[in-house]
Amino acid sequence: MAQAETTTSEGKYYVPHASPWPIFGSVSLFVLMAGAALTLEDSGAGPSLLTLGLVLVFALFFGWFRTVINESEAGAYNLNVDRSFRMGMSWFIFSEVMFFAAFFGSLFYARQLALPWLSGAGSKHLTSELLWNHFEAHWPSNGPGLLGPRADGSFKTIPAMGVPALNTLLLLSSGVTVTIAHHALRANNRRVLKVFLALTFLLGFLFVFLQAREYHEAYTELGLQLGTGIYGSTFFLLTGFHGLHVTIGAIMLLVIWLRVMKGHFTPDRHFAFEGVAWYWHFVDVVWLGLYIFVYWL
Amino acid sequence: MAHADSLAHDDHHDHKPHGIGRWLFATNHKDIGTMYLVFALAMFLLGGFMAMLIRLELFKPGLQFFDPGFYNSLVTSHALVMIFGGVMPAFVGLANWMVPLQIGAPDMALPRMNNYSFWILPFAFTLLLSSFFTAGGGPAGGWTLYPPLSLQAGTSFPLTIFAIHLMGASSIMGAINVIVTILNMRAPGMTLLRLPLFCWTWLITAYLLIAVMPVLAGAVTMLLTDHYFGTSFFNPAGGGDPVMFQHIFWFFGHPEVYILILPAFGIVSEIIPTFSRKPLFGYDAMVYATASIAFLSFIVWAHHMFTVGMPLAGQMFFMMSTMLIAVPTGVKVFNWTTTMWRGSLSFEPPMLFALAFLFLFSIGGFSGLMLAIAPADYQYQDTYFVVAHFHYVLVPGAVFAIMAGVYYWLPKWTGRMYSMALAKWHFWLSTISVNVLFFPQHFLGLAGMPRRIPDYSVQFTDWNMVSSIGGFAFGVSQLLFVAAIIHGVWYGKPATAKVWDAGVHGLEWTLPSPAPYHSFEEAPEIH
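Residues numbered from 1 in each chain as written. Chains lettered and ligands numbered in written order. Predicted model: local features only at pLDDT ≥ 70, side-chain atom pairs only at ≥ 80, totals over all residues.

**Digging into unusual backbone geometry**
Residue A:P140 is bonded to the preceding A:W139 through a cis peptide linkage, with omega at 0°. The omega torsion of the bond from B:S513 to B:P514 falls at -5°, within 30 degrees of zero and hence cis. Structurally, B:P514 is set in the segment after β2 (493–494). Phi at A:L146 is positive, roughly 50°, even though this residue is not glycine. Looking at the element boundaries, A:L146 is found in the loop between α4 (125–130) and α5 (163–186). Judged by local crowding, A:L146 falls into the partly exposed class, with 19 C-beta atoms found within 10 Å. Unlike most non-glycine residues, B:L145 shows phi in positive territory, near 55°. Among the structural elements, B:L145 can be located in the loop between α5 (111–130) and α6 (156–184). On the basis of neighbour counts, which here come to 23 C-beta atoms within 10 Å, the residue B:L145 falls in the buried class. (Helix = DSSP H or I, 4+ residues; strand = E, 2+ residues; numbered from the N terminus. Buried ≥ 20, exposed ≤ 12 C-beta atoms within 10 Å, placed from the backbone.)

**Comments concerning the packing of helix α7 (residues 229–261) of chain A against helix α8 (residues 271–296) of chain A**
All names here are of chain A. Interaxial distance between α7 and α8 falls to 10 Å at its minimum, and their mutual angle equals 155°. In terms of axis orientation, α7 runs roughly antiparallel to α8. Judged by the sense of rotation from one axis to the other, the crossing of α7 with α8 is left-handed. Here F235, L238, T239, H242, H245, V246, G249, M252, L253 and I256 of α7 come into contact with α8, specifically with A272, F273, V276, Y279, W280, V283, V286, W287, L290 and V294. Considering only residue class, the contact of α7 with α8 consists of 16 nonpolar, four polar and no charged. (Axes fitted to C-alpha atoms, helices over the stretch in contact; angles between N-to-C directions. Parallel < 35°, antiparallel > 145°, perpendicular 65-115°, else oblique. Left-handed = near helix turned anticlockwise from the far one by under 90°. Contact = placed C-beta atoms within 7 Å. Nonpolar A, V, L, I, M, F, W, Y, C, P; charged D, E, K, R; others polar.)

**Describing α5(B)**
Compared with an ideal rise of 1.5 Å per residue, which puts 20 residues at 28 Å, α5(B) spans 30 Å between its outermost C-alpha atoms and is within 8% of the ideal. Of all 20 residues in α5(B), 16 are buried, a share of seventy percent or more. (Expected span 1.5 Å × (residues − 1).)

**Some remarks on the nonpolar core**
In this structure, B:L127, B:A219, B:V268, B:F357 and B:A404 are the most contacted members of the largest nonpolar core, which totals 244 residues. Looking at which domains feed residues into this core, each of domain 1 (1–77) and domain 2 (82–296) of chain A gives three or more. The residues contacting B:A404, other than those within four sequence positions of it, are B:I267, B:V268, B:I271, B:P350, B:F353, B:A354 and B:F357. (Core = buried A, V, L, I, M, F, W, Y, C linked by C-beta atoms within 7 Å. Domains from an automatic or database assignment.)

**Digging into the domain arrangement of chain A**
Assigned domains of chain A: these are domain 1 (1–77) and domain 2 (82–296). Between the C-alpha centres of domain 1 of chain A and domain 2 of chain A there is a distance of 27 Å.

**Things to note about the environment of A:D284**
Residue and element names in this part refer to chain A. Tracing the sequence through the fold places D284 in helix α8. D284 sits in the partly exposed class, given 17 other C-beta atoms within 10 Å. Separated by 113 residues in sequence, D284 and L171 have C-alpha atoms that sit 6.1 Å apart.

**Focus on the confidence of the model for chain B**
Residue and element names in this part refer to chain B. Confidence in the prediction of chain B, expressed as mean pLDDT, is 94, and 97% of residues score 70 or more. Low pLDDT, under 50, characterises residues 1–13; the stretch is placed with 16 contacts to residues that sit more than four places away or in other chains. In the predicted assembly, ipTM is 0.94 and pTM is 0.94. (pLDDT = per-residue confidence, 0-100.)

The following block contains the structure:
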């Protein structure tokens, strides 16, 4: 296998050896996406392909990360590689920010522009007159068609001061615990590190659990579903993608906790820990945006 | 796993892996760059074939060969294949080859992710193109996927959406890799303001990619949930708005058109100084102009939708901000011109393509200014004038710059010089035919011929025939490009390290031709 390590005045360049995981990953994504498309189109082979795709993607993550962790533990990565990983992770998080920006953008647009225009604001008087006469813009709204599960088109929203406030507290606390864990790692206090890292992912999973209960309540009791007009659409896509990211982040925290239990990471070399911590702070910040603009205002 | 033993014995040098594994498991930036370029060429030929079918249908009024649904599929997939399969992968391929060579690095910063971002592409396009064989045919709502039309497709709908997700993931990974390579892997002394312009333009392009590809992913995800899960993002009955899709899409789409042109600016900025035997005029200004264009690209998107019924203040803002782009773009055009002023010019194939780029891209830029004028755009919107405009910036713009880059660096990659005669024939035939193909479309558009239709009124016949003849000629001329490459790679005469005897400037020319498998094992000294 080709592997070049060369010396420069700055240290060593490192070029990793060839790996089967990228091509394995491409095939897995292909199976996953084809399976998802066929499932949505109610085609017979869809669900089994989708399941196979999920298994393959799981195997991909397991295998690829295993390789990288083994190489890292064998000391293959120098400071230059470490810096590349850090930069890569930062830019990846920036791309995630922009993904959420699309959904926040649609929330603001619908609330501030589309709904008022539907009720005749600005130069849109005729639109309102001819299409949706008598519609008055308000928020929360399921639109002039009063879309949703209930025949009378009514629905309720989740009050900001209940479980969402508790969830805010949970996530903010988890931001503190992960920072305490990080300081403990740097001070080589492994006992505190283990406890506070475990606390962090437990808080994360607790958040997801409470969120799931809220969804259940919204679906069964509040008349708030994906189909409940623009409010249901923006509510579930924003909080849903956030919840997905919390789940992924909590699993990432769990993985690095397992690595800590195996004795990985040193006080000055622990990129994986920091990458996961950054990611966790990122889902934290997104939640604050959600709490303010989706639940509260 | 093989890593244990390869870690154990520290094998230092170039031995290339053999067989199919060299390509499937590649981590070498040159191998991956080659795969990107070959893939882009294949997609260019496929997309070009679709374009020739379109021109075949448009040769005469009336329905000749295809039913309107299939025609719409051809138009839609031609765009998706050319943008996401042709131009973007070609630029990533050039970045893979040239960025490490130009900054004095042994390879890209994240070689396995590099491989991943490439290999996703063939699968994404398999997904997209397989939809032609499903119920309802290929995607037919246009590459912009406007709802409600795009929601009315058959099985092609989820396949297109997921293919776009995969292409986006590939682009984001490729972009992260380029940024990290440029920021972290430069040789000592290679300060940012010594960076070759190709690297600079790619650095900014990569930033744009990371900023907007996720927005496209969000937009198509909303389409998906509107179609299958009952959401109402683009449904007014539920309080949504189909125009909102256009806003989100073009927030991606306008930076995307600069993603398709900024690396071309970089290539041209490398080539013109070489064949003028002068340093680039106004290097710093070129860097700042590129950054300004990138910044402006985020605040001009609604000029694609002047006719949707935006408030007047919105139209004014987007008209003015769009016209501002002419300033940094003008800086670039004047700097290229001034670089040639009193230079000792010679006209090898890369320079010919770069010069054609300069003139023909400017034509596309000027028609862009015409389209930027909101009241005039009411007349031009969705006519062939728009088609002429963006084909001028994309074909003799982006595509010619890619060809210029290939002719410029191919001897460095392969160690062999291609046939000048063949390349010049390719140049002249392409340049003449591309104008025969696209220039008449300006007249057609101004006379009122709408885009995206398989049939038209008889008064448009003459110019459509001219355009189609140009199209067939341009398509056939590209076979000369393939011939020049194949002939050059296998039968070309050996090239020297500097390749172009005079005027070359940059680290890539300090390496032998062909460049060694791992570019710079020792970081070079930059003075």
